[in-house]
Amino acid sequence: MKIKPHRNDIVIRLLTFLILVASAMPATQAYTSADFNRIKLDQAYLYAESTLESEESSCQTARVLLINYVNRYFRENGIDRSLTPESDIDIKYMTMPRGNKTRAMAFIAKADLNGPAKPSAKSITAPGDEGAPQIPEWQSEIIGQLKEAGNLGDATKVLRDNKAIYKIKNYGTIKECLNARTCFWVICNQSLEVTAILGNDTGEDRRYNYVTGKYDSLGNYSAQYGAWFQFR
């Protein structure tokens, strides 16, 4: 005759299983509002907060905001440094649930920012014209990716991918542009092939064309297709 397990045995087995599963999971630090407030009230730190659906997106957004605050701190204190979201600095994070979202704080001690300045991003001159504007190397790399894209669909993917890693601030179609003067432009012909990449307006619609290596004008392409974008 088959003997059914006793109910207490089932409960014990279930509890044992849950304990084993819990012990196998990595331990995470549980933070509270008090921990957040401790950093916010401590003048030794710079911090930024974000509350979004996922922990990853909250931390990424808080990091970008913190980088902006750090750069402002540098300017206000006469420190000759400038950071990008990819800069290697000792940012720490705290997270906690807030409803069905995650609250994140990115913070860094001011003392960790006052050491010797690291070399700033190298500026380069685009080839083809001695009067070309100087841009950071990472921006030149993105422009190179856009030139290699060939068509508007691939160029849009380049912009989307770089926005995801916080190198591109915004981008959109020609009709969506609210301030053409401050934007870079990817210009395409009717076949949606990339024919020009224009820098921002240096005065009276004078823009550097990174495809031809000469100065150009957005007005020369008023009937064309393409997209605008802004670097961070």
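Here the structure is a predicted model, which means the values were calculated and not measured.

(A) Region of the structure containing the pairing of strand β2 (residues 92–98). Bridge count for β2 against strand β3 (residues 101–109) is seven bridges, and the pairing is antiparallel. The partner of Lys-92 across the bridge, within β3, is Phe-107. Turn length for the β2-β3 hairpin, with the two strands adjacent in sequence and antiparallel, is two residues, and the turn residue Gly-99 shows positive phi of about 65°.

(B) Representation of the nonpolar core within the structure. Among the nonpolar cores identified, the biggest contains 22 residues, and Ile-142, Ile-143, Leu-146, Val-186, Tyr-210, Phe-229 and Phe-231 are the most heavily contacted of them. Those elements that provide at least two residues to this core are α4 (137–149), α5 (152–164), β7 (184–188), β8 (194–198) and β11 (225–231). For this core, the element with the most residues is α4, which contributes five residues. Beyond its immediate stretch of four places on either side in the chain, Phe-231 contacts Trp-138, Gln-139, Ile-142, Ile-143, Lys-167, Ile-168, Lys-169 and Phe-184. Ranked by size, the runner-up nonpolar core spans 14 residues in total, among them Ala-48, Val-70, Ala-106 and Ile-108.

(C) Here's a closer look at the packing of aromatic side chains. One pass over the structure, following the stated rule, counts nine aromatic pairs. Between Phe-184 and Phe-231, the aromatic rings sit 5.0 Å apart at their centres with planes inclined by 75°, giving edge-to-face as the arrangement. In this pair, Phe-184 is assigned in strand β7 and Phe-231 in strand β11, connecting sequence segments 47 residues apart. The same class applies to Phe-184 as to Phe-231, namely buried. Between Phe-229 and Phe-231, the aromatic rings sit 5.3 Å apart at their centres with planes inclined by 90°, giving edge-to-face as the arrangement. Just as Phe-229 is buried, Phe-231 falls in that class too. Each member of the aromatic cluster is reached from another via a ring pair, and the members are Trp-138, Phe-184, Tyr-208, Tyr-210, Tyr-215, Phe-229 and Phe-231. Seen from the ring of Tyr-215, Arg-206 lies directly overhead, with NZ or CZ sitting 3.6 Å from the centre.

(D) Just the sheet that holds β3, in detail. Ordered by their spatial adjacency, three strands build an open sheet running β1-β3-β2, and the pairing between neighbours is antiparallel. Two strands in the sheet have a free side with no partner beyond their single neighbour: β1 (45–52) and β2. Shown here is a sheet whose adjacent strand axes are inclined to one another by a mean of 20°, direction ignored. Sheet analysis places β1 next to β3, joined by eight bridges and oriented antiparallel. Along β3, the bridge assignment pairs Thr-51 with Arg-103. Docked against the sheet, helix α2 (residues 33–41) engages β1, β2 and β3, running at close to 30° with respect to β3.

(E) Seen up close, helix α3 (residues 55–76). Between its terminal C-alpha atoms α3 stretches 31 Å, which fits the 32 Å expected from 22 residues at 1.5 Å a residue. Among all positions in α3, only Ser-58, Cys-59, Ala-62, Arg-63, Val-64, Leu-66, Ile-67, Val-70, Asn-71, Tyr-73 and Phe-74 are buried. Looking at the packing, one finds that the buried side of α3 touches β1, β2 and β3. Looking one or two residues past α3, Gly-78 carries a phi angle of roughly 65°, positive in sign.

Procedures and definitions
Residues numbered from 1 in each chain as written. Predicted model: local features only at pLDDT ≥ 70, side-chain atom pairs only at ≥ 80, totals over all residues. Heavy atoms only, no water. Pairing = 2+ DSSP bridges. Helix = DSSP H or I, 4+ residues; strand = E, 2+ residues; numbered from the N terminus. Core = buried A, V, L, I, M, F, W, Y, C linked by side-chain atoms within 4.5 Å. Buried < 20%, exposed > 50% of the residue type's maximum accessible area, 1.4 Å probe, protein only. Contact = heavy atoms within 4.5 Å. Phe/Tyr/Trp six-rings, centres within 6.5 Å; stacked < 30°, edge-to-face > 60°. Lys NZ or Arg CZ within 6 Å of the ring centre and 35° of its normal. Axes fitted to C-alpha atoms, helices over the stretch in contact; angles between N-to-C directions. Expected span 1.5 Å × (residues − 1).

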